[in-house]
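Residues per chain are reported as follows:
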Amino acid sequence: MSNKRTKRSAWRGAAAIILIAVFAAAPIVAMLAGAGGSDGALSLLTSRLGLNYVSTTLLLCAAAGASAGIVGAVTAILVSLTEFPGRRMLSVGLALPFAIPAYVAAYAYGDLFGPFGPVAAIIGAEALPEIRSLPGAAFVLMLTTYPYVYLAMRASLAERSGAMVEAARSLGANPFRATLGVLLTASRPALFGGLALALMEIAADYGVADFFGVPTLSVGIFRTWYGLGDLPGAMQLAAALFLVALMLVLMESASRKGRASNDVRAQRKARRLSLSPVHGFFAFLICVLPIFFGFIAPAGLLLSTLQPEMNVIVMRNLAAAGLNTAAIAAAGASLALFLALILAYGARAAQGRVTKLVLRAATLGYAVPGAVMAIGVLALSAYFARLSGHALAGGVLILLYAYVARFLTAGYNAAAAGLAQISPQMDGAARTLGAAPKRVIRELHWPMARLSLLAGAAIVAIDIAKELPATLILRPFNFETLSTQIYRLASDERLADAAPAALILIALGLLPSIALSLIADSGHKKTRRSKAPAGPELESFSVS
């Protein structure tokens, strides 16, 4: 009887995963089919304009990605492997640029380096660097994406056993070479994994590239659809951007395969290198600069532009945009978490390679740029409109669909992490005692998994609130969210009016930023409490 019940649960779980995968992947399939099946297939993509979009996107990824990788890796190495004044404070502060949406930072730097901005008042307008350019866009995107590399590297270095360094020293390596050579080699997969995530954000960016006049694929998609009304051409550019994102997903997956874990029995705290005062000062300076330029400068500029008495119309528009954002973010997070729970329970009941493959398709949306998902939803709605004779694009439900399809992965990761704490044997024991499935979920699963589920819902809601390109393409007429209001006002050079909405988004982003940094820091504390032989735990090395 139990075998029949198990098989029935597995079939139900697999069916649920397949249905949700179809729901989530349908826009991507419709976009790819439309890009390859339209008249004059790939004509825009292979034109001079299309090739310019592709080459500029790759160049921006190379410039911003390389600099984000260097900044993230160097700062992670300094706060994880060395000891200098202010290290603990900086280790948390280095995650703060995560809180600032890239387009908000771009608007702040556009004003900061504008002809009437603070920098022009100091050095003169004629000496201003051209911030609205590809290097300027790469600079801003580096500041907002290096935390991906920083947090991944820092967590990896925290997990590495000090026994590895001691083994290298016993073979004759000096402390500096043993620490950097062994631990950095072991953390290389984390470096490439964090870099892949940063590159995904850079390739998907629309706000920074549009404001700085950089013709990337995201900008091209928006111009082709909004400016020309050319859906087939927009689908071609979206297909190219999707392929770029897919390559980065494969890169991130490959990086995770190379991660090795330590034997817990050999785990002990990796000993930090004690820096001399001069080297400590430079380490402090290197870690402070990303925090200053990535968080303090843009957030401080927005705070300085706040007006004590804001226009009544501006206040009314801000309130309306805030209510719209709260409503659609709450609805999207609730629906995404509901579907994520079904996925997580389905994956718990159904095992096998096919199930994992379908599950991967259902959770691919998080790696898909917002502009690509929006064009996919438009392509799907256009297909249904041809079948039914009714137009579906442009409504709140269509926008909500795009949000859920894109951010379902974040909800699933949270749901899966919560359910992973509950052994299937506990479910079996509860049912043996006569507990019904609803009671098991209510009295066993919910108390143990609720923190993970609530955290996942909060992350999805914040992602929806910050999403710009999908909202711009799919929103109904006169439907304003905080992100679109910031975009509209900043594009009109009204940064002072956009500042309140921008600061609200920054405040929302601070929550996961600080949480991620504290989680990474807990890795060091767990390592410190791990089993280790008796004797002195910390040894200082001087680098002079």
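Residues numbered from 1 in each chain as written. Predicted model: local features only at pLDDT ≥ 70, side-chain atom pairs only at ≥ 80, totals over all residues. Heavy atoms only, no water.

Trainee: Kindly report on the overall build of the chain, identifying the contributing residues and their values.
Mentor: Within the chain, the secondary structure is distributed over 22 helices and 3 strands. Sorting the 544 residues of the chain into buried and exposed places 51% on the buried side. Accessible area for the chain stands at about 25,400 Å²; split by element, carbon and sulfur atoms hold 67% of it. (Helix = DSSP H or I, 4+ residues; strand = E, 2+ residues; numbered from the N terminus. Buried < 20%, exposed > 50% of the residue type's maximum accessible area, 1.4 Å probe, protein only. Areas by Shrake-Rupley, 256 points an atom, 1.4 Å probe, with all protein chains shown as cover.)

Trainee: Please set out the packing of aromatic side chains residue by residue, giving values where relevant.
Mentor: Inspection of every chain in the model, using the stated rule, returns 13 aromatic pairs. Ring geometry for F292 and F293: centres 5.1 Å apart, planes at 85°, overall edge-to-face. F293 sits in the partly exposed class, given a relative accessible area of 33%. Among the aromatic side chains, those forming a connected cluster through ring pairs are Y109, F113, F139, F292 and F293. (Phe/Tyr/Trp six-rings, centres within 6.5 Å; stacked < 30°, edge-to-face > 60°.)

Trainee: Break down the pattern of salt bridges for me, with residues and values.
Mentor: The tally for this structure, following the rule as stated, stands at 6 salt bridges. Residue R87 is joined to E83 by a salt bridge in which the shortest nitrogen-to-oxygen separation is 3.4 Å. Notably, a salt bridge pairs R494 with D497, separated by 3.1 Å at the nearest N-O pair. Residue classification places D497 among the buried positions, given a relative accessible area of 18%. Linked by salt bridges that have partners in common, R475, E480 and R488 make up one network. (Salt bridge = Lys/Arg side-chain N within 4 Å of Asp/Glu carboxyl O.)

Trainee: I'd like to hear about the packing of helix α2 (residues 48-81) against helix α11 (residues 217-227), residue by residue, with values.
Mentor: Look at α2 against α11: their axes get within 8 Å of each other, and the N-to-C directions meet at 145°. Mapping the contact onto sequence places Y53, V54 and T57 in α2 and L217, G220 and R223 in α11. Its residues placed into classes, the contact of α2 with α11 shows 3 nonpolar, 2 polar and 1 charged. (Axes fitted to C-alpha atoms, helices over the stretch in contact; angles between N-to-C directions. Contact = heavy atoms within 4.5 Å. Nonpolar A, V, L, I, M, F, W, Y, C, P; charged D, E, K, R; others polar.)

Trainee: Explain helix α17 (residues 396-420) to me, and be specific about the residues and the numbers.
Mentor: Over its 25 residues, α17 runs 34 Å from end to end, which matches the ideal 36 Å to within 8%, given 1.5 Å per residue. Along α17, the helix axis deviates most sharply at F407, where the bend reaches about 50°. Taking burial as the measure, the 25 residues of α17 include 19 buried ones, the bulk of the element. (Expected span 1.5 Å × (residues − 1). Bend = angle between axes of the 7 residues up to and from the residue.)

Trainee: I'd like a rundown of the environment of S80, residues and numbers included.
Mentor: Structurally, S80 is set in helix α2. Residues S80 and S91, 11 residues apart in the sequence, show an inter-C-alpha distance of 8.4 Å.

Trainee: How would you explain α11 if you had to name every residue and give the values?
Mentor: Buried residues of α11: L217, S218, V219, G220, I221, F222 and T224, and no others. Count one or two residues on from α11 and you reach G229, which has phi positive near 65°.

Trainee: So, the confidence of the model for the chain: which residues are in play, and what are the values?
Mentor: In the predicted model, the chain carries a mean pLDDT of 79, and 76% of its residues have values of at least 70. Per-element averaging of pLDDT across the chain places strand β3 (residues 541-543) at the bottom with 38 and helix α13 (residues 277-305) at the top with 92. When the criterion is pLDDT under 50, residues 527-544 qualifies, and its contacts beyond four places in sequence or with other chains add up to 40 contacts. (pLDDT = per-residue confidence, 0-100.)

Trainee: So, the nonpolar core: which residues are in play, and what are the values?
Mentor: Among the nonpolar cores identified, the biggest contains 157 residues, and M31, Y107, F212, I221, I375, L474 and I486 are the most heavily contacted of them. Here the element with the most residues in this core is α17; it accounts for 14 residues. The contact partners of Y107, leaving out residues within four places of it in the chain, are F211, L468, I486, Y487, A490 and L495. (Core = buried A, V, L, I, M, F, W, Y, C linked by side-chain atoms within 4.5 Å.)

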